[in-house]
Amino acid sequence: MEMIKFDASHVKDFIRPHELDQIKAQAETARETLIEGTGAGNDFLGWIDLPVAYDKEEYGRIKAAAEKIRRDSDVLVVIGIGGSYLGARAAIEFLKPNFYNQLPRTAVDAPEIYFAGNNISGAYLNDLVALIGDRDFSVNIISKSGTTTEPSIAFRVFKAKLEAKYGKAEAAKRIYATTDKARGALKTEANAEGYESFVIPDNIGGRFSVLTAVGLLPIAVSGADLDALMAGAAAMRAQIKTAPFEKNPAMQYAAIRNIFLNKGRKIEILANYEPALHNLSEWWKQLYGESEGKDGKGLYPASYDLSMDLHSLGQFVQDGSNLAFETVLNVEQPMSDVTIEADEQNLDGLNFLAGKNMDEVNKNAMMGTVLAHTDGKTPNLMIDIPARDENSLGQLFYFFEFAVGVSGYLLGVNPFNQPGVEAYKKNMFALLGKPGYEDQAEVLKKRLSE
């Protein structure tokens, strides 16, 4: 199996060897703390051994359910928010052709897959309902509690549509609940109505859950090879749990990003040169933002899509305030390619590209940008990804998860909690008149009127 590679060769002018030497012992301690489960948040470390210690019985049920959905549905609606959908969406778009939902079923061999419950837009839900029309569809509702506002609203809408179309009993056979193993509103409903259900493990937080049923069921419906995905994650786990600091990609990445933070870099920009990696960046932003952004600490995780954003943000990154560094995702082998042909008139002046593949042009745009940005005092790290395939993606998921654990401990925070995400919910409930929030509602309304 070809492994992803971490390349820090373009930051040698920004980090001195002694700085890596000084942080090495701290990184090794952080890795030991993570593996031995002796640090903060140690009750949420089930993801560490997940690639080799997953529930084989449930894994088989996931595959069987996915095959049923593939047989009886034209559309799968995945309902969830944050870690309940970002990993699956990232994986499906990484592994499938661009515009996979618009391609004929014969070309992609999978239902169309859409995501709901990640916003509170009535227009979005109306448009999705209209898009499905009278076609056969199934729903995968993903929620630990079953009471999170955004997915719960969406589930009400699509459950009603299913029951109107198929009747209550048949609709229940098209609802798949990924939730707590024993308690919560969604688990209670699944038991009462007979939905097939899958488990969100108690010891794995949402943003680390992509290799559980949370991500695996939608990914399997897309036709992806789950065995190869898990094998890739297992291979990365074996490498980074044992490799010394100097040869350990996750530890190197964690250490260098903390060195940059200590030098005053406040933003990390994850950059990609393939549109299919856009939602991988969205998954990464949640993973790193929720894991490190606490106690007044942490890098701000940003992302952009290149070369598109070179024409909008490139000026700032090249020549603006030196707040950021970049981590570039480089897919070494394209999924498909186009050869540029000569044009007799050559009005656009591009005949010098005739005979070249677009991937060659893209790679040269990438390397030209890396050199320009480093010259402009924006350091660039690189992660080389062999291909848009399951092995590479499994490695990448595990690499980022392990690295954020090490990085969080280096930063001195608990990487596995998220105490700040409840504040907006309390305010929203108060403003909407939820029982029990009356006193807070009065305070908020007064503030809004001032």
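Below is a summary of the structure that appears in this document. By convention here, each chain's residues receive numbers from 1 onward along its written sequence. For a predicted model such as this one, the threshold for reporting local features is a pLDDT of at least 70, and the threshold for listing and counting side-chain atom pairs is 80 or more; totals across whole chains, interfaces and linings nevertheless cover every residue. Only hydrogens and water are set aside; all other atoms, that is, all heavy atoms of the structure, feed into the side-chain values.

Notes on the overall build of the protein
Line of reasoning, step 1. Secondary structure summary: the protein contains 17 helices and 10 strands in total.
Line of reasoning, step 2. We compute the radius of gyration from the C-alpha atoms alone; for a globule the expected value is 2.2 Å times N to the 0.38, where N is the number of residues. Compactness check: the protein gives a C-alpha radius of gyration of 23 Å against a globular reference of 22 Å for 450 residues, within 12% of the reference.
Line of reasoning, step 3. Summarising its shape, the C-alpha atoms of the protein cover approximately 65 × 60 × 55 Å along the three principal directions.
Line of reasoning, step 4. Burial classes: relative accessible area under 20% of the type maximum marks a residue as buried, over 50% as exposed, and values in between as partly exposed (1.4 Å probe, protein chains only). Counting over 450 residues, the protein shows a buried share of 52%.
Line of reasoning, step 5. Taking as baseline every contact in the protein between residues at least 6 positions apart, the subset at least 24 positions apart corresponds to 78%.
Line of reasoning, step 6. Areas reported here follow the Shrake-Rupley algorithm with a probe of radius 1.4 Å; residue values treat only the protein chains shown as occluding. Accessible area of the protein: about 20100 Å², with a carbon and sulfur share of 52%.
Line of reasoning, step 7. Looking at charge distribution, the protein has the averaged site of its 47 positive side-chain charges lying 6 Å from that of its 61 negative ones. Helix and strand definitions follow DSSP, with helices as H or I runs of at least four residues and strands as E runs of at least two, each counted in order from the N terminus. Any pair of residues with heavy atoms lying within 4.5 Å of one another is described as a contacting pair. Charge assignment in this entry is limited to Lys and Arg as positive and Asp and Glu as negative, and neither His nor the chain termini are counted. Just so you know, the charge point we use is NZ for Lys, CZ for Arg, CG for Asp and CD for Glu.

Things to note about the packing of helix α16 (residues 423-432) against helix α17 (residues 438-449)
To describe two helices that pack against each other, one gives the angle between their axes and the distance between the axes.
Line of reasoning, step 1. Running from amino to carboxyl end, α16 crosses α17 at an angle of 90 degrees, the nearest separation of the two axes being 8 Å. Viewed along their axes, α16 and α17 adopt a mutual orientation that is roughly perpendicular. Taking contact as the criterion, the partners of K426, N427, A430 and L431 in α16 are, on α17, Q440, A441, L444, K445 and L448.
Line of reasoning, step 2. Polar here means any residue outside two lists: the nonpolar Ala, Val, Leu, Ile, Met, Phe, Trp, Tyr, Cys and Pro, and the charged Asp, Glu, Lys and Arg; Gly therefore counts as polar. Residue classes in the contact of α16 with α17 are distributed as five nonpolar, two polar and two charged. Where helices are involved, their axes are fitted lines through C-alpha atoms of the stretch in contact, as for all axes, and angles between N-to-C directions lie from 0 to 180°. Any angle between 65 and 115 degrees counts as roughly perpendicular, while under 35 counts as roughly parallel, over 145 as roughly antiparallel, and the rest as oblique.

Quick notes on the pattern of salt bridges
Oppositely charged side chains are able to pair whenever their charged atoms sit close together.
Line of reasoning, step 1. Salt bridge, as applied in this entry: a Lys or Arg side-chain nitrogen positioned within 4 Å of an Asp or Glu carboxyl oxygen. Applying the stated criterion across every chain, the model contains 30 salt bridges.
Line of reasoning, step 2. Of the charged contacts, one joins K168 and E163 as a salt bridge, the two residues approaching to 3.6 Å between their closest N and O atoms.
Line of reasoning, step 3. Given the relative accessible area of 49%, K168 is considered partly exposed.
Line of reasoning, step 4. Here K285 and E282 are joined by a salt bridge, their closest N and O atoms 3.0 Å apart. With K285 and E282 both in helix α12 (residues 278-292) and three residues apart, this pair spans about one turn of that helix.
Line of reasoning, step 5. You can call K285 partly exposed: its relative accessible area is 24%.
Line of reasoning, step 6. Among the charged side chains, a network of salt bridges with common partners joins K144, D180, K181, R183 and D202.

Considering the nonpolar core
Line of reasoning, step 1. Buried Ala, Val, Leu, Ile, Met, Phe, Trp, Tyr and Cys residues form a nonpolar core when they are joined through side-chain atoms within 4.5 Å. W47, W283 and F400 are the most contacted members of the largest nonpolar core, which has 97 residues in total.
Line of reasoning, step 2. By residue number, the principal contributor to this core is helix α15 (residues 390-411), which donates 13 residues.
Line of reasoning, step 3. Aside from chain neighbours lying at most four places away, what touches F400 is Y253, L270, W283, W284, L287, Y288, L329 and I383.

Quick word on the side chain of T212
Line of reasoning, step 1. Residue placement: T212 occurs in the loop between β6 (196-199) and α9 (213-221).
Line of reasoning, step 2. When near neighbours in sequence (up to four residues on either side) are disregarded, T212 contacts L50, P201 and I204.

Remarks on the side chain of S197
Line of reasoning, step 1. Positionally, S197 belongs in strand β6.
Line of reasoning, step 2. Accessibility expressed as a relative area gives 16% for S197, which makes it buried.
Line of reasoning, step 3. In this structure the side chain of S197 is engaged in a polar contact, spanning 3.3 Å, whose partner is the side chain of K187.
Line of reasoning, step 4. Apart from residues no more than four positions distant in its own chain, S197 is found in contact with R61, A177, K187 and A190. Polar contacts, as counted here, are pairs of nitrogen or oxygen atoms within 3.5 Å of one another; within protein the pair requires one atom able to donate a hydrogen and one able to accept it, and residues that are adjacent in sequence qualify only if both atoms are side-chain atoms.

Things to note about the packing of aromatic side chains
Line of reasoning, step 1. Two rings belonging to Phe, Tyr or Trp (six-membered ring only in the last case) form a pair when the distance between their centres is within 6.5 Å. Interplanar angles under 30 degrees mark stacking, angles over 60 mark edge-to-face geometry, and anything in between is tilted. Applying the stated criterion across every chain, the model contains 22 aromatic pairs.
Line of reasoning, step 2. Centroid distance Y253 to Y288: 6.2 Å. Interplanar angle 65 degrees. Geometry classified as edge-to-face. Placement of Y253 in helix α11 (residues 249-262) and of Y288 in helix α12 is noted, with a sequence separation of 35 residues between them.
Line of reasoning, step 3. With a relative accessible area of 0%, Y253 lands in the buried category.
Line of reasoning, step 4. When its relative accessible area of 1% is taken as the criterion, Y288 is described as buried.
Line of reasoning, step 5. Each member of the aromatic cluster is reached from another via a ring pair, and the members are F6, Y253, W283, W284, Y288, F397, F399 and F400.
Line of reasoning, step 6. By definition here, charges over rings are those cases where NZ of Lys or CZ of Arg is within 6 Å of the ring centre and within 35 degrees of the ring normal. The lysine or arginine in question, K56, covers the ring of Y54, its NZ or CZ lying 4.2 Å from the ring centre.
Line of reasoning, step 7. Over the ring of Y253 we find R257, and its NZ or CZ is 5.5 Å from the ring centre.

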